[in-house]
Amino acid sequence: MINREKFEKIKRLKEEKDAVILAHYYVDDDVQEIADYVGDSFYLAKVATGIDKKVILFCGVMFMGESAKILNPDKTVLLPDATADCPMAHMAQVEKIKELRAKYDDLAVVCYVNSTAELKMHSDVCVTSSNALEIVKALPNKNIFFIPDQNLGGYIKDKVTDKNIILNDGYCHVHKELTKESVLAAKAAHPDALFLVHPECRKEIVDLADYAGSTAGIIDFATNSEEREFIIGTELGVMFELKSKNPYKQFYPANEMQICPNMKKITLDKVISSLENMEHEVTLTDEVIDKANAPLKRMLEFKG
Ligand code: 13P
Ligand code: SF4
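Remember, it's a predicted structure, so these values are computed and weren't measured experimentally. (Residues numbered from 1 in each chain as written. Chains lettered and ligands numbered in written order. Predicted model: local features only at pLDDT ≥ 70, side-chain atom pairs only at ≥ 80, totals over all residues. Heavy atoms only, no water.)

Novice: Looking at this model, I keep getting lost on helix H13 (residues 238-245). Mind explaining?
Specialist: One full turn of an α-helix is made of 3.6 residues, so residues set three or four places apart face in the same direction. Listed as buried for H13 are Val-238, Met-239, Glu-241 and Leu-242. The buried residues of H13 occupy an angular sector of 165° when projected down its axis, which confines them to one face. On its buried side, H13 packs onto helix H12 (215-224), strand S11 (229-233) and strand S12 (250-253). (Buried < 20%, exposed > 50% of the residue type's maximum accessible area, 1.4 Å probe, protein only. Helix = DSSP H or I, 4+ residues; strand = E, 2+ residues; numbered from the N terminus. Arc of directions from axis to C-beta. Contact = heavy atoms within 4.5 Å.)

Here you go:
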């Protein structure tokens, strides 16, 4: 089947099943093309609160599907590939949270949305890379445990010096593997280009950047900038939106290896089969939904 036929089939299935398709910027271009909403984690979480369809098909990884389910317990949430899971989402321990809660009376557990529903259940507030700084600054708590990402956590810690921010040891392997050597080589090859990074990268990489922010932040920065060349330090799925919005600007990967294998598991064929057979439903117990909803809601209600 060529893509045109697949697109038509997906359109028919969406109507038949009363479904909406959400996709993260890191999935393949053709999957972004068939989605009703494409965005960063924060945008997609917001969109998920206002859906009027019975079925949400989430083209992303498990924690995104879980958040959509937590925010929409009465809807059917499908993931085209149930094995599309973010390793970092699992990189924090409930035991450690309990230990720190016992040590600090006022501890706030700040949970990056790239985390399992179980970790969210034990957290006080969720954040994404686009609102973490504002939310951490606004918290009344002096002691903060930031989970699971040590790099985003460290980025916030550097900027919020009046709080005791305790870091966890999780990381995103896609961003962590970006090296200083490859960034310096890209800068040498494109001396006029600005370097834009995601704060999931290591500090020595973020320190080389002209801008650090979420995927949507990177896209907005490049789109609004007067400059014409950019080196991109995040998963290369963002290139699709960057190039669509800015056909006359040049975008260079800081490294060709910035590919998330789990995001890339989502294909048009799997979208079709998931909708056709209503398969790979995200299911969570009422208790998990109830407890994990509170920190997500707190993030969504935050007014910066
Ligand atoms: P954002 O969508 O918040 O930029 O997050 C990046 C990411 O790693 C999603 O998996
Ligand atoms: Fe997880 Fe990194 Fe992939 Fe995002 S890019 S889903 S944080 S492994």
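Past the structure itself, the notes keep going.
Novice: Which parts of the structure should I look at to understand the sheet that holds strand S1 (residues 19-24)?
Specialist: Paired through backbone hydrogen bonds, the strands of a sheet run either parallel or antiparallel to each other. In spatial order, the strands read S2-S1-S3-S4; together these four strands make up an open sheet with parallel pairing. Of all the strands in the sheet, just strand S2 (37-39) and strand S4 (76-78) have a single pairing partner and so form its edges. Strand-to-strand twist across the sheet, computed as the mean angle between neighbouring axes with direction ignored, equals 20°. Strand direction decides the pairing type here: S1 and S2, joined by three bridges, are parallel. By the bridge assignment, Leu-22 is partnered in S2 with Tyr-37. (Pairing = 2+ DSSP bridges. Axes fitted to C-alpha atoms, helices over the stretch in contact; angles between N-to-C directions.)

Novice: Even after reading the chapter, I still don't get the site of ligand 1, so can you show me in this structure?
Specialist: As a matter of local geometry, ligand 1 sits amid 14 residues, with His-24, Ser-41, Ser-129, His-198 and Thr-215 nearest to it. For ligand 1, an oxygen atom lies 2.8 Å from a polar atom in the side chain of Ser-129. Here the shell around ligand 1 is built from residues that sort into five nonpolar, seven polar and two charged. (Near = heavy atom within 4 Å. Polar contact = N/O pair within 3.5 Å; in protein donor to acceptor, adjacent residues only side chain to side chain. Nonpolar A, V, L, I, M, F, W, Y, C, P; charged D, E, K, R; others polar.)

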